[in-house]
Amino acid sequence: MAGGRTGSTAREGLSTAVAKTRPLSAAIAIVGASAMVVIDKIMGRGKIEIRRIENSTTRQVTFSKRRSGLLKKTHELSVLCDAQIGLIVFSSTGKLYQYCTHPFRMEEIIERQQKVTGTTRIPDHDNGEELCNELVVLRKETDRLQQSIRRYTGEELSLIAYEDLHGLEQQLQLSLDKVRARKVRILEEENSNMYQWVQEHRAEIEYHQQAAVEEAKVRVDNHQILEHFPFFGGEQPNSVLQLATHHP
């Protein structure tokens, strides 16, 4: 009996202690939530206005921190998503920072971007003499093409040798044959289209032709009838119907 009373007393004491600590736990939870709200306000997790930092020292520190974070996030995106990324950053002082997905090179990434967007990059010419030589070659090629065009139009033929004139004649004849063949092909296509159109509208064409023939036949008959009834004075009737309705 003593043991049972002792156990009951212990359970009652534990229940009382738990009941007393419940309000304290609730108060701690409320205080904790309020503290998080206060911390959020203190840490300034709201919207930050994005504008240029006027203080040069602060601007440089911010650039260094955010540059490191940007490069880190870029690397993570490349590794996690198997993305090919080329990142180029120039600081306000002109210093270059870049990241390129391994094992690619930045030139490969840029070349791929140009192919996708359809842009071309002007090659760098460190040697001015090489650039001048390329310009000379291009100028000579342009002059040669212009001279060929003038020859095809019959200009500047006085200085051309006989062999060159013979070759030019053959080229012009070949071009003329191609032009004539193209004309014949166009005419054949037009005739084929016309024939197809006639076949599709044959019934309508025959109907109009038959109607025209019947109308011409009626006119001939009317003319023959009017010749048997000479009319004197006034207006000569031009149809059988007018003759029938005429009162002398």
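Residues numbered from 1 in each chain as written. Predicted model: local features only at pLDDT ≥ 70, side-chain atom pairs only at ≥ 80, totals over all residues. Heavy atoms only, no water.

Draft legend 1. Just the overall build of the protein, in detail. The secondary structure content of the protein amounts to 7 helices and 2 strands. In the protein, the succession of α and β elements from N to C terminus is α-α-β-β-α-α-α-α-α. Across the protein, the fraction of contacts at a sequence separation of at least 24, relative to all contacts at a separation of at least 6, is 13%. Summed over its atoms, the accessible surface of the protein is roughly 22,000 Å², and 59% of this surface lies on carbon and sulfur atoms. (Helix = DSSP H or I, 4+ residues; strand = E, 2+ residues; numbered from the N terminus. Contact = heavy atoms within 4.5 Å. Areas by Shrake-Rupley, 256 points an atom, 1.4 Å probe, with all protein chains shown as cover.)

Draft legend 2. Representation of the environment of Val-89. Take Val-89: it is sitting in strand S1 (residues 86–90). On the basis of relative accessible area, Val-89 is assigned to the buried category, the value being 17%. Residues Val-89 and Leu-71, 18 residues apart in the sequence, show an inter-C-alpha distance of 9.8 Å. If sequence neighbours within four positions are ignored, Val-89 has contacts with Phe-63, Leu-70, Lys-95, Leu-96 and Tyr-97. (Buried < 20%, exposed > 50% of the residue type's maximum accessible area, 1.4 Å probe, protein only.)

Draft legend 3. The pairing of strand S2 (residues 96–100), seen in detail. The alternating pattern of S2 places Tyr-97 and Tyr-99 on a buried face and Leu-96, Gln-98 and Cys-100 on a face that is not buried. Bridging between S1 and S2 involves 5 bridges; their strand directions are antiparallel. Residue Gly-86 lies in a different strand from S2, and its bridge partner there is Cys-100. What sits between S1 and S2 in their antiparallel hairpin is a turn of 5 residues, with Gly-94 showing a positive phi close to 90°. (Pairing = 2+ DSSP bridges.)

Draft legend 4. Up close: the pattern of salt bridges. Counted according to the given criterion, the structure contains 7 salt bridges. Across the pair Glu-206 and Arg-202 runs a salt bridge, and its minimum N-O distance is 3.9 Å. Here Glu-206 pairs with Arg-202, and both are found in helix H6 (residues 202–227), just 4 residues apart, close to one helical turn. Residue classification places Glu-206 among the partly exposed residues on the basis of a relative accessible area of 44%. Given a relative accessible area of 39%, Arg-202 falls into the partly exposed group. Each member of the salt-bridge network shares a partner with another, and the members are Arg-105, Glu-107 and Glu-108. (Salt bridge = Lys/Arg side-chain N within 4 Å of Asp/Glu carboxyl O.)

Draft legend 5. Structural detail: the packing of aromatic side chains. Summed over all chains, the structure comprises 1 aromatic pair. One residue, Arg-67, lies across the ring of Tyr-97, its end atom 4.3 Å from the ring centre. (Phe/Tyr/Trp six-rings, centres within 6.5 Å; stacked < 30°, edge-to-face > 60°. Lys NZ or Arg CZ within 6 Å of the ring centre and 35° of its normal.)

Draft legend 6. Region of interest: a nonpolar patch on the surface. On the surface, Ile-88, Phe-90 and Leu-96 cluster together to form a nonpolar patch covering roughly 300 Å² of accessible area. Mapping Leu-96 onto the fold places it in strand S2. Judged by its relative accessible area of 41%, Leu-96 is partly exposed. (Patch = residues over 30% accessible without salt bridge, like charges linked within 9 Å, V, L, I, M, F, W, Y side chains within 5 Å.)

Draft legend 7. View of the side chain of Ser-91. Locating Ser-91 in the fold gives a position in the loop between S1 and S2. Residues in contact with Ser-91, not counting those within four places in the same chain, are Phe-63 and Tyr-97.

Draft legend 8. Spatial organisation of helix H3 (residues 106–117). An ideal rise of 1.5 Å per residue puts 16 Å on 12 residues; H3 measures up with 17 Å between its terminal C-alpha atoms. Packed against the buried residues of H3 are S1 and S2. Note on H3: the residue one or two positions beyond its end, Gly-118, has a positive phi of about 80°. (Expected span 1.5 Å × (residues − 1).)

Draft legend 9. Seen up close, unusual backbone geometry. The omega torsion across His-102 and Pro-103 is 5°, close enough to zero to call that bond cis. Looking at where Pro-103 falls in the secondary structure, it is placed in the loop between S2 and H3.

Draft legend 10. Region of the structure containing the confidence of the model for the protein. On average, residues of the protein score 75 in pLDDT, and 67% of them reach the 70 mark or higher. Note that residues 1–7 has pLDDT below 50 and, in this model, 0 contacts with residues that lie over four places away or in other chains. (pLDDT = per-residue confidence, 0-100.)

Draft legend 11. Quick look at helix H2 (residues 56–81). Taking 1.5 Å per residue, 26 residues should reach 38 Å; H2 reaches 36 Å between its end C-alpha atoms and fits that length. Buried residues of H2: Arg-67, Thr-74 and Ser-78, and no others. Contacts made by the buried residues of H2 are with S1 and S2. The N-terminus of H2 is capped by Asn-55, whose side-chain oxygen sits 3.0 Å from the backbone nitrogen of Thr-57. Asp-82, located one to two residues past H2, shows a positive phi value of around 55°. (Polar contact = N/O pair within 3.5 Å; in protein donor to acceptor, adjacent residues only side chain to side chain.)

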